[in-house]
Amino acid sequence: MKKQVFEGLSSAEIDEINAEMSHYEDKMAVSIEALKIVQKYRRWVSDECLIAVAELLEISPTQLEAVATFYNLIYRQPVGKTIIHYCNSVTCWMLGSDQVQECLCRHLNVELGEMSADGEYTILPIVCLGACDHAPVVMVGDELRLDITEDAVNEILGR
Amino acid sequence: MEKMDKPLTKNIRPDRAFATLADYESTGGYQGLRKAITELSPKEVQQWVKDSGLRGRGGAGFGTGLKWSLVPMDANVLQTRYLVANADEMEPGAFKDRLLLEQDPHQLIEGMIIAAYAIQAKIAYIFMRGEYHLAAKRVENALQEARTEGYLGEHILNSEFNLQIYLHTSAGRYICGEETALLNALEGKRATPRAKPPFPLVSGLWGKPTVVNNVETLCNVPHILQNGVEWYQGLGRGSDQGTKLFGASGRLKYPGLWELPMGTPIREIIEEHAGGMRDGYKLRGFLPGGASTDFLLPEHLDVLMDYEAVAKAGSRLGTGTLIVLDDKTCPVQMVLNLEQFFAQESCGWCTPCRDGLPWTVTLLKDIIAGKGRIEDLDTLAGLTRMLGPGNTFCALAPGAMEPLQSALKYFREDFERYIVGSHAVMESS
Ligand SMILES: Cc1cc2nc3c(=O)[nH]c(=O)nc-3n(C[C@H](O)[C@H](O)[C@H](O)COP(=O)(O)O)c2cc1C
Ligand code: SF4
Ligand code: FES
């Protein structure tokens, strides 16, 4: 398999990270935002990227890895182009989040956390999305979708 | 004319469009700030908020003015102080701050500027959970508008007061909402809570005095300044002042969120505003203030939603968003769902919580799978004590035990049914 050569962070990534740095008292403080900026461009954070970010922030890669693994929205493995997060917290669970998950996975023929064969989607659970009065809910990429039914799942997946 | 009885939501429109700066100003927006900065000293602002009786809306209900007054102010004028708006809202069942952030971001910003003025902070952060993308976009826009209009930045409203507000979006962990863990998260570290004392008010972000307030708390502040303490005190119906966003979710006819006087009876929220249970379902109980509060029963429907009354009934007002249990949902399975959340979100720092929550989950799963023994209920009760207040490093674990301990008390027969059932199966085979 051809391995992509890592050519370092892009200048856009570095500029955005530096802009964030001006908001804080030290460089370490932007570690989470820096990882999120990298993810915005690359969907996930590879080892090479993690090391490059650590260098930029002048902290050790181990220190940054400890941060990266703590947070749920930092992905250290490849993910699909669109992540569909389904809420599995209490109200959504009561109103059918298990069925929503089953329906999503069945349609895409994937397990939780797995990338769909076409690289388009990854399905992941998430905690309460703050829309419990419209349970069950999912988040498709950045967009919150309310009152989810099987039809809504079909529509989201475009089939 | 401002709708005086619903100050927090008066700009919120049913079409979910958001209030622009012009909309916000047209209903009196930034008048509270003007009054604070041009007519009152920081100490006087603290006193107004103290006198108003406003208590924190983030769950603990600490007096807001009192909190501000504990920030060391006499040190040299160059001392850095920070203000942080806690917009992490990740408690299952809570969905109030998102509305305020998405639909009236200037209200929060004005509240923050006034709070920062009161404690003389020059830098403030909005700590927002990473999933609130729309809220982040709208808040960022509103911050830009406020800077352009001279409400933020240098010499605010031509005074000597300077303030920058930055938006920090997090990356998803419930513990980040705990105020000392939040400070570590803002410093770019793993979000484990810090030992108290020293309290953040004295030594917070980068060791500097820091006030952390909930979004809804801060949203109350402009109105207190604009309309006065007496007006604010007149809004409550029970022993607390002001209004609050109350919500209800579950198998209700019209789940939703409403701004109502503090001290509104629970019955009114569930039966009138939410329209009662859906056809075919009966009310079995409810968590009054989010996932980390004790169950209450239909017999508690006439309890008032204020801090004291809910505490007297054996629970907590928490976030003020009710989660309703119906008669066709198994309370044991509901508690399992809640404990799975807490076990997953534990930061792992202290042993009782790190080990006790997964153990709780295992016991509940075994019981539901028919593999439980009657002694397991005593073990669970023991865990609620072991993980209770004072035994863990932060309030996550005690919060996790609240729905469990009350379920064991009120729904014991539901637990026993699984256990008795399994014995019956064994005997007949
Ligand atoms: C595990 C845990 C999670 C919390 N999450 C939040 C939260 O998301 N938002 C919030 O405002 N307060 C949260 N709190 C409460 C905060 O620690 C703090 O009390 C609050 O932000 C203070 O603001 P207030 O005085 O305005 O209520 C949480 C507490 C704990 C123990
Ligand atoms: S109680 Fe739980 S969440 Fe809080 S510090 Fe201990 S392990 Fe972390
Ligand atoms: S429980 Fe799913 S959005 Fe709150």
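Residue positions are given per chain, counted from 1 along the sequence in the order it is written. A letter from A marks each chain and a number from 1 marks each ligand, given out in the order of writing. pLDDT decides what is reported in this predicted model: residues at 70 or higher carry local features, side-chain atom pairs at 80 or more are listed and counted, and totals for whole chains, interfaces and linings draw on all residues regardless. No hydrogens and no water enter the side-chain calculation; it runs on all heavy atoms of the structure.

Draft legend 1. Main features of the overall build of chain A. For chain A, the helix and strand inventory stands at 7 helices and 4 strands. Starting at the N terminus, helices and strands are each numbered in turn, a helix being any DSSP run of H or I of at least four residues and a strand any DSSP run of E of at least two. Ordered by position from N to C terminus, the α and β elements of chain A give α-α-α-α-β-α-α-β-β-β-α. Across its three principal directions, the C-alpha atoms of chain A cover 50 × 40 × 25 Å. Counting only residues that meet the buried cut, chain A has 52% of its 159 residues in that class. Contacts are assigned to residue pairs with any non-hydrogen atoms lying within 4.5 Å of each other. Within chain A, residue pairs in contact and separated by at least 24 positions form 61% of the contacts whose partners lie at least 6 positions apart. If you sum the accessible surface of chain A, you get close to 7600 Å²; carbon and sulfur atoms cover 50% of it. Throughout this description, buried means an accessible area under 20% of the type-specific maximum (1.4 Å probe, protein chains only), exposed means over 50%, and partly exposed covers the range between. Accessible areas in this description were obtained via Shrake-Rupley with a 1.4 Å probe; residue shielding takes into account the shown protein chains only.

Draft legend 2. Representation of the site of ligand 1 within the structure. Residues and elements named next belong to chain B. A cutoff of 4 Å decides nearness: a residue is near a molecule or strand if any of its heavy atoms lies inside that distance of it. Around ligand 1, a shell composed of 18 residues is seen, among which Gly58, Lys67, Asn213, Asn214 and Thr217 lie nearest. Pairs of N or O atoms are called polar contacts if they sit within 3.5 Å, as long as, within protein, a hydrogen donor faces a hydrogen acceptor (for residues adjacent in sequence, only side-chain-to-side-chain pairs). Glu89 places a polar main-chain atom, nitrogen or oxygen, 3.1 Å from an oxygen atom of ligand 1. Within the complex, the protein chains bury 88% of what would otherwise be the 620 Å² of accessible surface of ligand 1. The dominant element in the shell around ligand 1, judged by the number of residues it contributes, is strand 4 (residues 210–214), at 3 residues. Here the residues of the shell around ligand 1 sort into 5 nonpolar, 7 polar and 6 charged. Three categories are distinguished: nonpolar for Ala, Val, Leu, Ile, Met, Phe, Trp, Tyr, Cys and Pro, charged for Asp, Glu, Lys and Arg, and polar for the others, with Gly belonging to the last.

Draft legend 3. Just the state of the cysteines, in detail. Residues and elements named next belong to chain A. Note on terminology: pairs of cysteine sulfur atoms within 2.5 Å are recorded as disulfides. In total, this model carries 0 disulfides over all chains according to the counting rule given. With no disulfide of its own, Cys103 has Cys105 as its nearest cysteine by sulfur position, at a separation of 9.5 Å. Overall, the relative accessible area of 3% leaves Cys103 in the buried class.

Draft legend 4. Just the site of ligand 2, in detail. Of all residues adjacent to ligand 2, which total 13 residues, the nearest are B:Cys347, B:Trp349, B:Cys350, B:Cys353 and B:Cys394. Among the residues making up the shell around ligand 2, the classes are represented as 10 nonpolar, 3 polar and no charged.

Draft legend 5. Quick look at the domain arrangement of chain A. For each domain, the first and last residues come from an automatic or database assignment. Segmentation of chain A into domains returns domain 1 (11–70) and domain 2 (82–156). Between the C-alpha centres of domain 1 of chain A and domain 2 of chain A there is a distance of 29 Å.

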